[in-house]
Structures are given as C-alpha cells and as structure tokens.
Amino acid sequence: EIPELKNLLRDSAVDKDPKTKRALMERVVGYMTLGIDMSPLFSEMIMATATKDLVQKKMCYLYLSNYASLQPEMALLVINTLQKDARDEDPMVRGLALRCLCSLHVENVLEYLVQPVMTGLHDVSAYVRKTAVICVIRLRELSEDIVAERSLVHELFHLLNDRDPQVVANAVHAILELQGDAALKMLACKSVVIRLLKRLRDFNEWSQCLILKVVAEFKPESDEEKFEVMNFLDERLRHCNSAVVVATVKVFLNLSANQPEIQRHVVERTKAPLVAQMTGAKSEVAYVLLRHIHVLVQQAPGVYDDEYLAFFVRYSDAPYVQNLKIKILCLLTNASNFMKIVEEITSLVSPHEVPLSQAAIQALGEIGVRRARAAPLVADKLSALLRRTWANHEQVHKECISVAVDLLRAFPPLSAILLPILTERFSTVEPNTPAQVSLVWVLGQFSSDIPEAPYLLESMIEEWEDTPSAALRSELLSATVKVFFQRPPEVQAMLGKVLKAGLGDATNVDVHDRALFYYRLLSTDPAKAQQVVTSGAPESTQFVDEGSEELQERLIEAFGTVSVVYGIPEQRWMSASALASRHLVADPAVAARSITELEGPPPSTLAPPPSLPAASVGIYTQDNHAVTNGAHDTSHGTGHGGGGGQR
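Residues numbered from 1 in each chain as written. Predicted model: local features only at pLDDT ≥ 70, side-chain atom pairs only at ≥ 80, totals over all residues. Heavy atoms only, no water.

Draft legend 1. The arrangement of the overall build of the protein in detail. In terms of regular secondary structure, the protein is built from 37 helices and zero strands. A burial count over the protein gives 50% of its 647 residues as buried. Relative to all contacts within the protein whose residues are 6 or more apart in sequence, the contacts with residues 24 or more apart total 68%. Accessible area of the protein: about 30,700 Å², with a carbon and sulfur share of 52%. (Helix = DSSP H or I, 4+ residues; strand = E, 2+ residues; numbered from the N terminus. Buried < 20%, exposed > 50% of the residue type's maximum accessible area, 1.4 Å probe, protein only. Contact = heavy atoms within 4.5 Å. Areas by Shrake-Rupley, 256 points an atom, 1.4 Å probe, with all protein chains shown as cover.)

Okay, structure coming up:
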C-alpha cells in the first residue's frame with residue numbers, strides 16, 4: 001500500500017488533477033489517523049506542500065506536524081516553504097503555515113520561528129493574529145529567555161485592545177500561561193475588566209469562561225461597583241452553556257465572599273439556573289453541576305430545600321448521578337418535606353440494583369439520625385425492608401441491619417420498633433460480617449429487652465476459634481460484660497470463658513488488650529466496672545462531614561474547577577510541580593509594571609467606558625440585597641457566543 005501511495009504522489013499526472021491528488025492525500029491522512037505508520041511518505045508529502053489548493057495544504061501540514069519528530073532532518077527542508085507560505089497573500093494560508101511551523105517538534109526550529117510569530121502578531125488578518133498569539137506559548141516552551149528578550153508579553157497586552165474578540169481571548173489565555181497567577185491579578189484591574197465585560201457577548205462560550213475567570217479576581221472599590229458588575233452579569237445566568245453559568249456563579253461568590261447575607265442571596269438567585277441546567281444535561285455534565293450544587297447546598301443550608309423534587313432519582317440516570325442525588329436529598333431534608341423524601345428513597349431499594357439500594361439505605365439512616373422527627377418513619381421503613389424477602393436480599397438486609405443499629409445508637413427509644421425484627425435476623429445474618437457485629441452490639445445494649453440474649457451470645461462464644469473477625473471478637477467481649485451486669489446468673493460462666501479466650505488470643509493485640517482491661521477492671525472493683533461499662537456513650541450532634549469548615553471554604557474558593565468535582569482541595573490531587581508552575585513568570589519585568597504602562601494609550605475608538613452600561617432592571621442594589629424580578633427565570637439565551645438579551 002505504501003509503495004503504491006509513494007508512486008502516486010510522485011506521478012506528475014496526479015499533480016495535474018486536483019481532485020485525484022486531494023483524494024490521494026485524504027487516503028494518506030486517513031491511514032495516519034488509524035494509527036498506520038505513514039512516515040515513509042515524508043519526502044513526498046514535503047513536495048506536496050507546494051500547492052495552491054488550500055485543502056491539500058491543510059492535510060500536508062497535518063501530516064508534517066504529526067511526523068516531523070520522527071524525521072527531524074528532513075523536516076528542516078520544509079521550513080523554507082512554511083516561511084514563504086507565512087508571507088502569502090491569503091490570510092488562511094498564512095495562519096495555517098504559522099500554526100504548522102510552531103507544531104514542528106524538531107531541534108533548532110526556534111531561529112526560524114521567532115520572526116514569523118512577531119510578524120503574525122501585527123498581521124492585518126484576525127485569523128493570523130489569534131494563531132500567532134497561541135504560537136507565543138510555543139516559543140516559551142522552546143526557550144525560557146525568548147519571551148523576555150522580544151517583549152512578547154508586552155505585545156500580548158497590546159492585543160487586549162484588538163477589535164477581534166477571539167484575538168483578545170487568545171491574548172488573555174497566553175498571558176495567563178506565560179505569567180501565571182501574577183498575570184491574573186494584573187488583568188483583574190478595573191480598566192481591563194470593564195473593557196472585557198463590555199465586549200463579553202461578542203466572545204464564544206469558552207472565551208466567556210476565560211474572561212469570567214479574570215473577572216472573578218476583580219476587587220471592587222465599593223459596594224456600588226460590586227452590584228453594578230453583578231447586575232451586568234445577571235443575564236449570563238440564563239446562558240445555554242452550563243460552563244458559562246458556573247463561571248458566572250463563581251464571579252458572584254467571589255464578589256460576595258466577605259458578606260454572608262449577600263452570598264446567601266446569591267446562592268438563592270443562582271439556584272434556578274443551575275437546577276435547570278442540571279435537569280436537562282447529559283450524565284457527565286449533570287454530575288459536574290451536581291457536585292457544584294452540593295457545595296452550594298452546604299454553603300447556604302435551606303436555600304435549595306424547596307427544589308428537592310428536581311433531585312429525585314430517575315432510573316435513566318447514570319449510577320454516579322444517582323448516588324450524588326441521594327446525597328443531596330439527605331441535605332435537603334427538613335420538617336416539611338422529610339416524608340416525601342423518605343418515601344422516594346425507600347422506593348429505590350430493590351434486589352436488582354444492589355449498589356443503588358445500599359446507597360439508599362445509608363441515606364435513610366443519615367436522614368433518621370440528622371432529623372429526629374424523621375427517625376420513627378425511617379425505623380418503620382427499615383423494619384419493613386428487613387421483613388421483605390426476595391432474591392439476593394442478603395446484601396440489602398445486611399445494610400439495613402447496620403443502618404438500623406446506627407439509628408438505635410442515636411435514638412434508643414426506637415428499640416420498640418427495631419428490636420423484634422433485628423432479633424429475628426440474628427439467625428439468618430451472614431457470619432463474620434459488619435452486620436453481625438452490629439447485632440452483637442444490640443444484644444449487649446438491649447439484653448434486658450431480649451430474653452434469649454445470653455443464649456445467642458453463648459452459641460457464638462462456643463465458636464470463638466472459628467471467628468476470624470477481630471471486630472466481632474471485640475464486640476463479643478463488650479456485649480458479654482454488658483449482659484453480665486444485667487443478668488449475672490445466666491452469664492457468669494460464659495464471661496469467664498470469653499475472657500479466657502480473649503486473654504489467650506495472640507492473633508490480634510486489640511482483642512487481647514480489651515480482654516485484659518475487662519479482667520483487671522472486674523477484679524479490682526465490680527461496682528466501678530458496672531458504672532464504666534453501662535454508662536453509655538455521650539450523645540453527639542456533630543457529624544464527621546460537618547466538621548471541616550476549612551474544606552468547605554477551599555471548595556468555595558475553587559468553585560468552577562476540578563477540585564469541586566473531586567471534592568478535595570487542589571493541593572491534595574495536583575503535583576507539587578504543577579502547583580509551582582503557577583508562580584513561574586516568563587517576563588519578570590512585565591510583572592513589575594502596571595497595566596497602564598503595558599497597554600499604552602488605547603485607540604480612541606476602543607477607549608474603555610467609565611462604567612458598565614446600566615442594567616435595565618437592577619437585581620442587586622446597595623439598599624436591598626434580596627432577589628427580585630425573575631429570580632426563577634431560567635430561559636436560555638441563543639445566538640453567537642452568548643445568551644438572550646440583557647434585561
């Protein structure tokens with residue numbers, strides 16, 4: 001196949017027929033995209049670049065960019081052609097040549113690349129300028145010093161006044177890449193932010209996200225200025241692209257960071273757009289939005305409670321979306337909606353979807369523990385689930401037992417509902433499992449209400465040697481001591497047996513030490529031992545996931561980034577080198593100068609306005625922070641690069 005293609009590429013008759021030549025080039029590029037090695041055709045493809053057919057040039061440039069690193073010596077032969085094309089009359093050819101020239105991964109290409117890029121930055125064509133801006137980043141990869149020597153960052157700052165929005169967006173991106181976090185602070189000044197916001201609707205969706213990233217770092221000088229920006233950006237919440245909506249929410253959160261009351265109103269204002277985006281999105285996008293909503297729900301408890309119906313699980317949802325919706329429902333439960341939420345979550349339990357059923361049962365337990373009024377209803381649901389028998393019900397029953405015991409720990413009076421069914425399940429539970437450990441705890445804690453408690457413990461103590469679980473052995477020790485103080489005559493003999501077995505346990509230090517502790521405690525002062533063992537644990541109202549206020553603050557700061565999706569700060573998943581790269585500055589001299597010095601006097605036709613255009617309806621005001629006029633308007637904008645009209 002390759003020899004045939006080589007002969008055809010060299011055939012002069014094929015060169016005279018543009019359609020045949022184009023079809024031949026398509027075959028070469030098609031094979032290349034399939035992973036077939038087409039590098040033997042490199043010399044023929046170099047000669048094929050000398051064509052006026054734009055489509056053929058595109059395919060040749062794509063081929064050269066892909067195989068230049070494999071043929072570095074021959075790749076240098078095409079540089080003259082690319083430099084010539086970079087001066088072509090057709091701006092499309094100039095831009096393609098410049099892009100291909102920067103894509104050549106060969107040594108010693110830097111000296112041929114600098115001048116075309118510098119020329120491209122001042123080209124009359126916006127396509128060439130935006131390509132040259134991205135090529136500046138490539139220059140920095142080739143040489144650390146070239147950016148400062150040629151004042152390329154200064155050139156990029158001048159392009160912030162360009163008439164083409166894509167050139168401006170690429171310039172912002174390049175400046176951030178070259179100057180790191182220092183550039184973000186420089187760009188977030190009033191003059192640049194106002195100019196970018198005034199042209200925001202001219203940018204495409206992804207460029208708007210980039211511009212909003214810069215605006216999020218803007219520090220207004222007064223509340224009036226802050227509300228002016230928020231009112232101007234309010235219509236971006238109705239954008240059809242979810243990334244733009246999330247980026248706008250990030251701006252709002254940053255502007256209200258030090259004012260909790262205003263931030264709560266911000267969360268309430270952004271609730272409807274986020275929920276609307278989440279409801280109609282694909283699974284992957286819906287999951288990302290749900291992760292952000294999860295952070296907002298924790299930031300402003302109660303704001304999303306009235307939207308609980310939107311988080312009901314659909315069987316068409318992906319499993320990861322279902323699990324996250326269930327977690328959010330737990331946080332949305334209150335005194336007025338807990339019955340509907342508990343009914344909905346209970347309906348998700350089935351033998352056909354064991355992972356979903358386990359997540360639903362865990363959610364029921366969390367709701368019951370968090371909401372005292374919901375605890376009796378949750379106990380009834382767990383009791384009903386434990387009485388149901390179906391295929392593969394063991395996994396569901398084990399989860400129900402563990403959750404029911406957690407509920408009993410928080411609300412002992414619920415024993416009247418749960419103890420009968422838990423006692424029945426003692427004989428059917430799988431040995432050496434967390435569910436069995438939970439049931440042993442029930443026997444020790446409620447032995448006075450379970451007549452057969454000593455005899456159930458005795459059968460398990462007899463099988464001590466066949467019990468490999470250290471957790472189960474430890475719980476047997478504790479339960480036997482507890483039952484002993486409730487019913488001494490029945491348990492005295494088995495207490496000595498279990499203590500002897502525990503003291504002789506050489507397989508686990510924890511079991512041995514617990515047995516030794518109980519033995520010494522009972523030998524020293526039985527009355528004191530009874531007080532210690534039967535005193536119970538102190539009541540706790542603090543949950544593990546509620547204790548990390550620092551984590552919540554970090555996630556709010558990282559709103560709109562991958563850290564929110566992971567649920568952890570970037571310091572825990574990004575490498576040290578990646579974090580350090582944000583502080584690298586390509587041109588230190590630029591970082592020390594002001595934005596006014598870098599931009600120079602802007603053209604009079606593009607002079608920044610003294611302030612943003614006033615919104616026709618003010619959502620946020622200095623005197624009234626409440627959300628008014630269409631707080632639930634979720635109509636989506638249309639058109640190039642933006643949403644609907646400004647209100």
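Draft legend 2. Summary view of unusual backbone geometry. Phi angles above zero are rare outside glycine, and S151 is one such case at about 55°. One non-glycine residue, N432, adopts positive backbone phi at about 55°. Inspection of the secondary structure puts N432 in the loop between α26 (415–424) and α27 (434–445).

Draft legend 3. Up close: the packing of helix α15 (residues 190–198) against helix α17 (residues 223–233). Following both chains from N to C, one finds α15 and α17 inclined at 20°, their axes separated by 11 Å at the closest point. In terms of their interaxial angle, α15 and α17 are classed as roughly parallel. For the pair α15 and α17, the crossing hand works out as left-handed. Only E225, V229, F232 and L233 of α17 make contact with α15, whose side of the interface consists of K190, L197 and K198. Partitioning the contact of α15 with α17 into residue classes produces four nonpolar, no polar and three charged. (Axes fitted to C-alpha atoms, helices over the stretch in contact; angles between N-to-C directions. Parallel < 35°, antiparallel > 145°, perpendicular 65-115°, else oblique. Left-handed = near helix turned anticlockwise from the far one by under 90°. Nonpolar A, V, L, I, M, F, W, Y, C, P; charged D, E, K, R; others polar.)

Draft legend 4. Seen up close, the nonpolar core. If you look at the biggest cluster of nonpolar residues, it comprises 202 residues, and the most contacted ones within it are Y63, L233, Y304 and F311. Every residue in contact with L233, bar those within four places of it in the chain, is listed here: L197, L200, L212, V215, T248, V251 and F252. (Core = buried A, V, L, I, M, F, W, Y, C linked by side-chain atoms within 4.5 Å.)

Draft legend 5. Inspection of the environment of D223 at higher detail. Examined against the element boundaries, D223 turns out to sit in helix α17. Here D223 falls in the partly exposed class, since its relative accessible area comes to 29%. Expressed as a C-alpha distance, the spacing of D223 and L255, which sit 32 residues apart in the sequence, is 9.4 Å.

Draft legend 6. Molecular detail of the pattern of salt bridges. Evaluated as defined, the whole model comprises 23 salt bridges. A salt bridge links E44 to R10, with the shortest nitrogen-to-oxygen separation between them at 2.6 Å. Taken together, the residues E44 in helix α4 (residues 42–48) and R10 in helix α1 (residues 2–10) connect sequence positions 34 residues apart. Residue R10 is classed as exposed on the basis of its relative accessible area of 53%. R314 is the partner of D317 in a salt bridge, and the nearest nitrogen-oxygen pair spans 3.5 Å. (Salt bridge = Lys/Arg side-chain N within 4 Å of Asp/Glu carboxyl O.)

Draft legend 7. Layout of the side chain of D505. Here D505 is to be found in the loop between α30 (488–503) and α31 (509–524). Note on D505: relative accessible area 6%, which makes it buried. Side-chain polar atoms of D505 contact the side chain of T507, separated by 2.5 Å. Sequence-distant contacts of D505, defined by excluding residues within four places in its chain, comprise W464, R473, V511 and H512. (Polar contact = N/O pair within 3.5 Å; in protein donor to acceptor, adjacent residues only side chain to side chain.)

Draft legend 8. Structural context of the side chain of S438. With respect to the helices, strands and loops of the structure, S438 is situated in helix α27. By relative accessible area, S438 is classed as buried at 11%. With near-sequence residues (within four places) excluded, S438 lies in contact with I401, S402 and V405.

Draft legend 9. Just the state of the cysteines, in detail. In the structure shown here, the tally under the stated rule is zero disulfides. C60 takes part in no disulfide bond, and the closest cysteine sulfur to it belongs to C100, at a distance of 9.2 Å. (Disulfide = S-S within 2.5 Å.)

Draft legend 10. Quick peek at the packing of aromatic side chains. With the rule as written, the count across this model stands at eight aromatic pairs. Consider the rings of F517 and Y518, whose centres lie 5.7 Å apart with planes at 50°: the pair is tilted. Judged by its relative accessible area of 45%, F517 falls in the partly exposed class. Taking the relative accessible area as the measure of exposure, Y518 reaches 11% and is therefore buried. A connected cluster of aromatic rings, assembled from ring pairs, spans F42, Y63 and Y67. The residue whose ring lies beneath R409 is W441, and the NZ or CZ to ring-centre distance is 4.2 Å. (Phe/Tyr/Trp six-rings, centres within 6.5 Å; stacked < 30°, edge-to-face > 60°. Lys NZ or Arg CZ within 6 Å of the ring centre and 35° of its normal.)

Draft legend 11. Structural context of a nonpolar patch on the surface. A contiguous nonpolar surface patch, about 290 Å² in accessible area, is contributed by V562, Y566 and W573. Looking at where Y566 falls in the secondary structure, it is placed in helix α34 (residues 562–566). (Patch = residues over 30% accessible without salt bridge, like charges linked within 9 Å, V, L, I, M, F, W, Y side chains within 5 Å.)

Draft legend 12. Expanded view of α17. Burial analysis of α17 places eight of its eleven residues in the buried class, which makes it a mostly covered element. In the core, the buried residues of α17 are packed alongside α15, α16 (205–215), α18 (242–255) and α19 (260–280).

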